[in-house]
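Structural characterization, general
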Amino acid sequence: MCVILMSEKTIIIDLDGKRTIVLVLVLAIGVFSLYGYITALFAFISPSQGLPLDITGLATFDPGDNPKTSFSRGDTVQIKATVEKATDYYYYYYPAYYYYPAYYYYYYDFVGETSYKVIVTVMDSKDRPVFIDSYETTISPGESIQTSFSYAIPTGASTGTYRIRAMAWSDWLPDGIVLAPEAMGITFEVT
């Protein structure tokens, strides 16, 4: 029994055996659902081993293709992302569950072509997204493809350090999967 005293009123909540069991079950289902949601979310954003693609280059240039890391308001930033595809097989084994006696082998086959989207985002000095763009293409094993994006800095943009993130996915969420570890940490200054 639970008694809650409020100004001039008493609320009595009687928790008998059935209500206690129902309350515990509802809480357990809620915790299980939250755990499943968070696990599924991190499956999309956490880095994985053995991905077929790798973002090997990320740089900023002026419109004349000269490397540059400082821009003024109103300038155009050329962002170039280079993606390479592996040529090997990566083997992984996972121990069987307790009710299956064998081990299961899983491998990535990097022999065929892979279609992917390069997704580039620019975060301003206050870590707000100010630009997102994507380009879809196909890559073969051992090939390296450079993709360019143009970001025109608005004349009223905030000044400071801007950060660029590049990703390679098979498609947009929820249908896509991560194909390369995220490349981030490339910055440029806006004055």
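Higher on the page you've got the structure.
Basis of the calculations
- Residues numbered from 1 in each chain as written.
- Predicted model: local features only at pLDDT ≥ 70, side-chain atom pairs only at ≥ 80, totals over all residues.
- Heavy atoms only, no water.
- Helix = DSSP H or I, 4+ residues; strand = E, 2+ residues; numbered from the N terminus.
- Buried < 20%, exposed > 50% of the residue type's maximum accessible area, 1.4 Å probe, protein only.
- Areas by Shrake-Rupley, 256 points an atom, 1.4 Å probe, with all protein chains shown as cover.
- Pairing = 2+ DSSP bridges.
- Axes fitted to C-alpha atoms, helices over the stretch in contact; angles between N-to-C directions.
- Phe/Tyr/Trp six-rings, centres within 6.5 Å; stacked < 30°, edge-to-face > 60°.
- Core = buried A, V, L, I, M, F, W, Y, C linked by side-chain atoms within 4.5 Å.
- Contact = heavy atoms within 4.5 Å.
- Patch = residues over 30% accessible without salt bridge, like charges linked within 9 Å, V, L, I, M, F, W, Y side chains within 5 Å.
- Salt bridge = Lys/Arg side-chain N within 4 Å of Asp/Glu carboxyl O.

1. Some thoughts on the overall build of the protein chain
- For the protein chain, the count of helices and strands is one helix and 12 strands.
- Listing the helices and strands of the protein chain from first to last along the sequence gives β-β-α-β-β-β-β-β-β-β-β-β-β.
- For the protein chain, the proportion of its 191 residues judged to be buried stands at 28%.
- Accessible surface for the protein chain amounts to roughly 12,800 Å². Of this, 59% is attributable to carbon and sulfur atoms.

2. Some remarks on the sheet that holds strand 10 (residues 144-152)
- Within the open sheet, the three strands sit side by side as 3-5-10. Their pairing is antiparallel. Each end of this open sheet is capped by a strand with a single partner; those strands are strand 3 (53-61) and strand 10. Direction aside, neighbouring strands of the sheet carry axes that sit 20 degrees apart on average.
- Sheet topology note: the strand 5 (residues 76-85)/strand 10 ladder contains nine bridges and is antiparallel. From the neighbouring strand, K80 faces strand 10, where its bridge partner is S148.

3. A few points about the packing of aromatic side chains
- Scanning the model with the defined rule gives four aromatic pairs in all.
- Centroid distance F131 to Y151: 5.2 Å. Interplanar angle 45 degrees. Geometry classified as tilted. Note that F131 is positioned in strand 9 (residues 129-139) and Y151 in strand 10, a separation of 20 residues in sequence.
- Among the residues examined, F131 registers a relative accessible area of 14% and is labelled buried.
- Ring centres of W169 and W172 lie 6.5 Å apart, and the angle between their planes is 85 degrees; this geometry places the pair in the edge-to-face category.

4. Things to note about the nonpolar core
- One finds L53, I79, Y116, V122, Y151, I153 and F188 to be the most contacted residues of the largest nonpolar core, which totals 28 residues.
- Of all the secondary-structure elements, those providing two or more residues to this core are strand 3, strand 5, strand 8 (114-123), strand 9, strand 10, strand 11 (160-169) and strand 12 (183-190).
- Setting aside its immediate chain neighbours within four residues, I79 contacts L58, A59, V120, V122, T147, S148, F149, Y151 and I164.

5. Points about a nonpolar patch on the surface
- A cluster of nonpolar side chains, I11, I13, L15, L23 and L27, forms an exposed patch at the surface whose accessible area comes to about 420 Å².
- Those elements giving two or more residues to the nonpolar patch turn out to be strand 2 (9-13) and helix 1 (17-45).
- Of note, L15 is situated in the loop between strand 2 and helix 1.

6. Observations concerning the pairing of strand 9
- Sheet topology places strand 8 next to strand 9; 10 bridges connect them, and they run antiparallel. Looking at strand 9, one finds that T114 is bridged to I139.
- Taken together, strand 8 and the strand that follows it, strand 9, pair antiparallel across an intervening segment of five residues, in which D127 is found at a positive phi of about 60 degrees.

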